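Below, each chain spelled out in residue letters.
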Amino acid sequence: MPNPHFFLTFSLLLLLSCHLLNGQEDSEFGHAIERKLLGLKRKEKLSHFKFYWHDILSGRNPTSVSVVPPTLKLNTTTAFGLVNMIDNPLTLGPEMSSKLVGKAQGFYASASQTEIDLLMAMNFAFSDGKYNGSTITILGRNCVFNKVREMPVIGGSGLFRFARGYAEARTHWVDYKSGDATVEYNVYVMHY
């Protein structure tokens, strides 16, 4: 019969070698860290932001430009395939003369053949007060003709690291001839 000390010693050595191997793999690519090293010791907050997004396609200085026009082969009324890059002003009020609090930078693309639905991928890059230099990132579907559109907050930077939440968009004003629009955004963000 095998020695019981042999099995105990062998089992401990096997456990120790597994732990050491896991530790080596952990340190070569990634490793666990303390949450407080990234400022996560604080309690998570819920913040609400309200501002106006100005999409300006007309005039001498548009803030939204088409970088991929819809293909002429498609007979569509939705501009399916269109991609616009944006650097849109964010203001406190609906007027362009209202206080500038940041920019919406990114793109939107017409992603439906049957409706005017946009894929929105943008950063709200803030330039005012304590939020200066911080961003909130939005990625989602914007059904343009719905009264209220909801899009997820998928992250952020600066004061919004590890952010999550959602944004509600409501069209405040649109000029169907030029395509210019002002949209009210209410953004609800969980962050540290």
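Preceding this paragraph is the structure being described.
About the criteria used
- As a convention, each chain's residues are numbered from 1 in the sequence order in which they are written.
- Per-residue local features of the predicted model are confined to residues with pLDDT of at least 70, and side-chain atom pairs are confined, for both listing and counting, to 80 or more; whole-chain, interface and lining totals are unaffected and use all residues.
- Side-chain numbers come from the whole structure's heavy atoms, not from hydrogens or water.
- The distinction between a cavity and a pocket rests on a 1 Å grid over the protein atoms alone: a 1.4 Å probe fits inside a cavity but cannot get out, while a pocket stays open yet meets protein on both sides within 12 Å along at least five of seven lines, and a residue with an atom within 4 Å of a point counts as lining.
- Grid points are joined across faces, edges and corners, and a volume is the space filled by probe spheres set on the points.
- Helix and strand assignments come from DSSP, with helices taken as H or I runs of at least 4 residues and strands as E runs of at least 2, each series counted from the N terminus.
- Only protein chains enter the accessibility calculation, which uses a 1.4 Å probe; a residue is then buried when its area is under 20% of its type maximum, exposed when over 50%, and partly exposed in between.
- Here, any two strands with at least 2 DSSP bridges between them count as paired.
- What is meant by a nonpolar core is a set of buried Ala, Val, Leu, Ile, Met, Phe, Trp, Tyr and Cys residues, joined one to another through side-chain atoms within 4.5 Å.
- Every residue pair with non-hydrogen atoms within 4.5 Å of one another is taken to be in contact.
- Under the rule applied, a polar contact is a pair of N or O atoms within 3.5 Å (in protein, one hydrogen donor and one hydrogen acceptor; residues adjacent in sequence only if both atoms are side-chain atoms).

Looking now at the layout of surface pockets. Put simply, the largest pocket is a space of about 580 Å³. Taken together, 26 residues line the largest pocket, and the ones lying closest to its centre are I116, L118, V144, V174 and G179. Taken together, the elements giving at least two residues each to the lining of the largest pocket come down to β1 (45–55), β4 (100–110), β5 (117–126), β8 (164–174) and β9 (181–191). With three residues, the single largest contributor to the lining of the largest pocket is β9.

What follows covers unusual backbone geometry. Apart from glycine, the bulk of residues carry a negative phi angle, and the bulk of peptide bonds sit in the trans form. Phi at A79 takes a positive value of approximately 60°, unusual for a residue other than glycine. One non-glycine residue, F162, lies in the positive phi region at around 65°. Within the secondary structure, F162 is located in the loop between β7 (149–157) and β8. On the basis of relative accessibility, which here comes to 46%, the residue F162 falls in the partly exposed class.

Let us now look at the pairing of β5. Of all the ten residues making up β5, eight are buried; the element is thus mostly covered by neighbouring parts of the structure. Taken together, the nine bridges between β4 and β5 define a ladder with antiparallel strand orientation. Looking at β5, one finds that K103 is bridged to A125. What sits between β4 and β5 in their antiparallel hairpin is a turn of six residues. In this sheet, strand β6 (residues 135–143) lies alongside β5 in antiparallel orientation, the contact comprising nine bridges. The residue bridging F124 from the neighbouring strand is I136, located in β6.

Counting residues in hydrophobic clusters, the biggest one holds 25 residues, and the most contacted among them are F51, W53, M122, F124, I136, Y185 and V187. Among the elements of the structure, β1, β3 (83–91), β4, β5, β6, β7, β8 and β9 are those that each provide at least two residues to this core. Looking at this core, the element that brings in the most residues is β5, giving five residues. Beyond its immediate stretch of four places on either side in the chain, M122 contacts W53, I86, A104, Q105, G106, I136, T137, I138 and Y185.

Along the chain, S134 turns up in the loop between β5 and β6. From its side chain, S134 meets the backbone nitrogen of L159 in a polar contact 2.9 Å long. Setting aside its immediate chain neighbours within four residues, S134 contacts F124, A125, F126, S157, G158, L159 and F160.

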